[in-house]
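The primary structure of each chain is shown beneath.
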Amino acid sequence: MKNNTSIKKVGGFLLGFGGLMAAASPTFAADFDYGMDESFFKLSYNGYVRTTVGVLLNDHKETSADDKWRMNQARATVNIDWDIKTGPLNWRVVTRVEHEHKTDYLEDLSERMEKQHDALNVLTPGTDNRGNYGRDGKKGSFMDQYETTDELMDIVREIYFDWQITDRLFARIGRQQLVWGESDFFQAMDVVHGYDFRQRLFYENNEEWRKPLFLLNFVYEVHEWDGMLNFYIRPGMDRSEDMGSNYNIEGGRWIPTPYRGVDFTQVTDAYNEDHNKGDWDDWTYGIRWNGRWGSAGYSFSYMKTFNPAPVINPNLRLNAGGDLAAFGEYYGVGDSTAVGFNPGGMPTDVALEGYGDGYTGSKLLGEWLYPEIDVFGFTVNYFSMAMDSTLSAEVAFIPNKPYNYGQLQSDLPGWGGIKEKDTLNVMLRIDKEFKWQQILGTHRPSLSSIQLFDTWIINRKKSDEIVEFASFGEEKSEHTVYLTLFTLLNYTRDTINPSLVVGTDLTNGGGFVIPAVEFVWGNDWRLKVEADLWWNDGDRKKVCGKADNNGNAANLGQDLGVSGCDKTVGDDLLGVRENDASFMDWFARDNQLVFKLTRQF
């Protein structure tokens, strides 16, 4: 069994890399003009060097080792922002290089992926069993999903120029981030871009994980109406890696329990880039009016974009009469009765339905795709003198938003197909500063924020059998309501800054709490220590069988990294069948400590 304790490794990594940061980092941002007139040319840069270490606080049943106190992340980041003036154009170039050490925990996950690959080659010789990453990976090695590759556009994160064309018309052209909306945790309007959730889910600032795109972004000032018109076009020049939101369906550290080490891209196409419902070469665009009415700010907007989360389009070959119908019956999907291959006597549901182009490709279970959607939005913010608070609201109406549905009694809940429902996202927020200097000893007022977020599926019916995400069986309610609270305290002139974030699912139960403290030394050094903690009501999806390290051709369960799984209650890779696991349950037993040491320059 592998060593379970990583505290010494954590300290060694932080101290060792911290020493390199102190020796190698510049002590100040630099300006260069090369003797030229600053009105024509000027170059400056600033940035940071950071190391991030994550330590698990729970054992994960998908591995044979005791994972408590093991490192699941050991990451080094160098980020440099370049500002360049060339005549009338002001350029911005954001470069970032990230590298991760493959910890023992990640090694265990990659080994389980390789066992799955070997087993699939034996069981399904007629299908494509290559995943995105790992053995025979189509996109690279296992660690490529977490770090910068040698591609230029992985290193050059953003590159654009600003051009003040007239006194009213401003243009920003190039690879950039465009932020629309008011919400922090659950984005309603901030969906111009996809996000990369594979590194740390949603604990980072949105700017850190938002995926920049090539945009033609214009702002036209209308002084007479005290507002401005912002419109953008994405002309479809982006790489496939830049599109959509990446959830860790490759089986890495941030795939929900119990799927760590289960690579869904070995059995599904991820992602279909040119589906007729969501072709990444299609132009997307948006227009927004920002204005003020008295002391209130408001905006109206429309955008054509891609659904923030991928949906699964199931393989129709799993249906009765298809050449994969035996597997359909094995997993309890596809209306494949009378094939005679179901060892658990699992009830089968109605036939799987295709979405647009029905999938009949070479992957066993289907394809992931991002359908195009229309978003109509409204935001407003107002400072209330009576409450001494800033009040904000955001409303986004999405007609025909796609959801997975059906097959709720199977190993693959939600894989019945894709159903479109009109959806309204609503966010309400209060930001207020509290004068707690006398009570808590802070040296200045403390900012707190409360946010309520509601997803309303209009005209949702019980028979719709809509799920939050394919593979989890909790039916999505007509209203799904989240409540979050954030507060920040500042001590000793902002050199010790504790914070607390709390979120809960008011509809299904469960939630998270993130206590943290940041220590500041001078202008350069920052150390942040936080605990990412989850609670749930016991509805989490569980592993089926016992993880092991053995593998031999005679025992398929051991080849998949588990043994003793009973098919009547679940599947060795897909877990125990359930109809209760909702969003907060997905991350049960994902509690961890995170250390961030940053050197700014």
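Let me begin by describing the structure that accompanies this report. Bear in mind the structure is a predicted one, so any value in this text is a computation, not a measurement. (Residues numbered from 1 in each chain as written. Predicted model: local features only at pLDDT ≥ 70, side-chain atom pairs only at ≥ 80, totals over all residues. Heavy atoms only, no water.)

Pairing of strand β18 (residues 417-434) with strand β19 (residues 446-457), which is carried by 12 bridges, proceeds in the antiparallel orientation. Bridge pairing in β19 links M427 to F453. With 9 bridges joining them, β19 and strand β20 (residues 479-488) adopt antiparallel strand pairing. The residue bridging S448 from the neighbouring strand is T487, located in β20. (Pairing = 2+ DSSP bridges. Helix = DSSP H or I, 4+ residues; strand = E, 2+ residues; numbered from the N terminus.)

By the definition in use, this model includes 39 salt bridges. Taking the shortest distance from any N to any O, the salt bridge between D242 and R239 comes out at 3.0 Å. Among the residues examined, D242 registers a relative accessible area of 5% and is labelled buried. With a shortest N-O distance of 3.3 Å, D524 and R599 are connected by a salt bridge. Taken together, the positions of D524 in the loop between β22 (511-521) and β23 (525-535) and R599 in strand β28 (residues 592-600) put the pair 75 residues apart, joining distant regions of the chain. Here D524 matches R599 in class, with each residue buried. (Salt bridge = Lys/Arg side-chain N within 4 Å of Asp/Glu carboxyl O. Buried < 20%, exposed > 50% of the residue type's maximum accessible area, 1.4 Å probe, protein only.)

With that settled, consider the sheet that holds strand β15 (residues 366-369). What the 3 strands build is an open sheet, ordered β9-β15-β14; its pairing is mixed. Where the open sheet ends on each side, the last strands, each with one partner, are β9 (268-269) and β14 (311-314). Sheet analysis places β9 next to β15, joined by 2 bridges and oriented parallel. Residue pairing for β15: D269 is matched across the bridge by E367.

On the surface, E241, E273, D274, D281, D282 and D357 cluster together to form a negatively charged patch. On the secondary structure map, D282 appears in the loop between β11 (278-279) and β12 (284-293). In this structure D282 comes out as partly exposed when scored by relative accessible area, which is 31%. (Patch = residues over 30% accessible without salt bridge, like charges linked within 9 Å, V, L, I, M, F, W, Y side chains within 5 Å. Areas by Shrake-Rupley, 256 points an atom, 1.4 Å probe, with all protein chains shown as cover. Lys, Arg positive; Asp, Glu negative; His and termini not counted. Charge placed at Lys NZ, Arg CZ, Asp CG, Glu CD.)

We now examine the environment of I418. If you trace the backbone, I418 turns up in strand β18. Residue I418 is classed as buried on the basis of its relative accessible area of 9%. Along the chain, I418 and N404 lie 14 residues apart, while their C-alpha atoms are 4.6 Å from each other.

Now for the layout of surface pockets. The space that makes up the second largest pocket amounts to roughly 900 Å³. Lining the second largest pocket we find 44 residues, and of these E147, D154, D196, R198 and Q199 sit closest to its centre. Looking at the lining of the second largest pocket, the elements with two or more residues in it are β2 (41-56), β3 (71-86), β4 (89-100), α3 (152-155) and α4 (206-209). The residue inventory of the lining of the second largest pocket, partitioned by class, reads 9 nonpolar, 10 polar and 25 charged. (1 Å grid on protein atoms, 1.4 Å probe; cavity = no way out; pocket = protein on both sides within 12 Å on 5 of 7 lines; lining within 4 Å. Points joined across faces, edges and corners; volume = space filled by probe spheres on them. Nonpolar A, V, L, I, M, F, W, Y, C, P; charged D, E, K, R; others polar.)

For the rest of this paragraph, the subject is helix α2 (residues 104-123). The end-to-end C-alpha separation of α2 is 29 Å, in line with the 28 Å expected for 20 residues at 1.5 Å each. Taken residue by residue, α2 has Y105, L106, D108, L109, S110, R112, M113, K115, Q116, H117, A119 and L120 as its buried positions. (Expected span 1.5 Å × (residues − 1).)

In this structure, strand β7 (residues 213-222) lies alongside strand β8 (residues 227-234), joined through 7 bridges in antiparallel fashion. When the sheet's bridge partners are listed, L216 is paired in β8 with I233. Where β7 hands over to β8, the hairpin turn is made up of 4 residues, of which D226 adopts a positive phi near 55°. Pairing of β8 with β12, which is carried by 8 bridges, proceeds in the antiparallel orientation. If you follow G227 over to β12, its bridge partner there is G291.

Taken together, M387, L428, I430, I450, L452, L483, L485 and L506 make up a surface patch of nonpolar side chains, about 630 Å² in accessible area. Mapped by element, the contributors of at least two residues to the nonpolar patch are β18, β19 and β20. Among the secondary structure elements, L428 is positioned in strand β18. Classification of L428 by relative accessible area gives partly exposed; the value is 44%.

Attention shifts here to unusual backbone geometry. Backbone phi values are negative for most residues with the exception of glycine, while trans is the configuration of most peptide bonds. For the peptide bond that leads from T257 to P258, omega is 10°, which places it in the cis range. Along the chain, P258 turns up in the loop between β8 and β9. Of note, the bond from A270 into Y271 is cis; its omega dihedral lies within 30 degrees of zero at 10°. Relative to the elements of secondary structure, Y271 occurs in the loop between β9 and β10 (274-275). The residue N400 is not glycine, and still its phi comes out positive at about 55°. For N400, the position within the fold is in strand β17 (residues 389-405). Of the residues examined, N400 reaches a relative accessible area of 42% and is grouped as partly exposed.

Here the focus is the nonpolar core. By size, the foremost hydrophobic cluster in this structure holds 61 residues, and its most contacted members are F264, M303, Y331, L365, W368, V375 and W415. Those elements that place two or more of their residues in this core are α2, β7, β13 (296-306), α5 (325-331), β16 (372-384), β17 and β22. Beyond its immediate sequence surroundings of up to four residues, L365 is in contact with V267, T268, N313, P314, N315, L318, Y331, L412 and W415. Counting 8 residues, the second-largest nonpolar core is a separate cluster that includes Y105, L106, L109 and Y146. (Core = buried A, V, L, I, M, F, W, Y, C linked by side-chain atoms within 4.5 Å. Contact = heavy atoms within 4.5 Å.)

Turning to empty space enclosed by the protein, a few remarks are in order. Considering all chains together, one arrives at 5 cavities of 30 Å³ or more under this definition. Put simply, the largest cavity is a space of about 900 Å³. If you list the elements that add at least two residues to the lining of the largest cavity, you get β16, β17 and β19. Of the pockets and cavities examined, the second largest cavity occupies roughly 140 Å³. Among the residues making up the lining of the second largest cavity, the classes are represented as 6 nonpolar, 7 polar and 2 charged.

It is worth spelling out the side chain of R112 at this point. Of note, R112 is situated in helix α2. Buried and without a salt bridge, R112 has E62 as its closest oppositely charged side chain, separated by 5.3 Å. In contact with R112, other than residues within four places in its own chain, are E62, P258, R260, G261, V262, L560, V562, D572 and L573.

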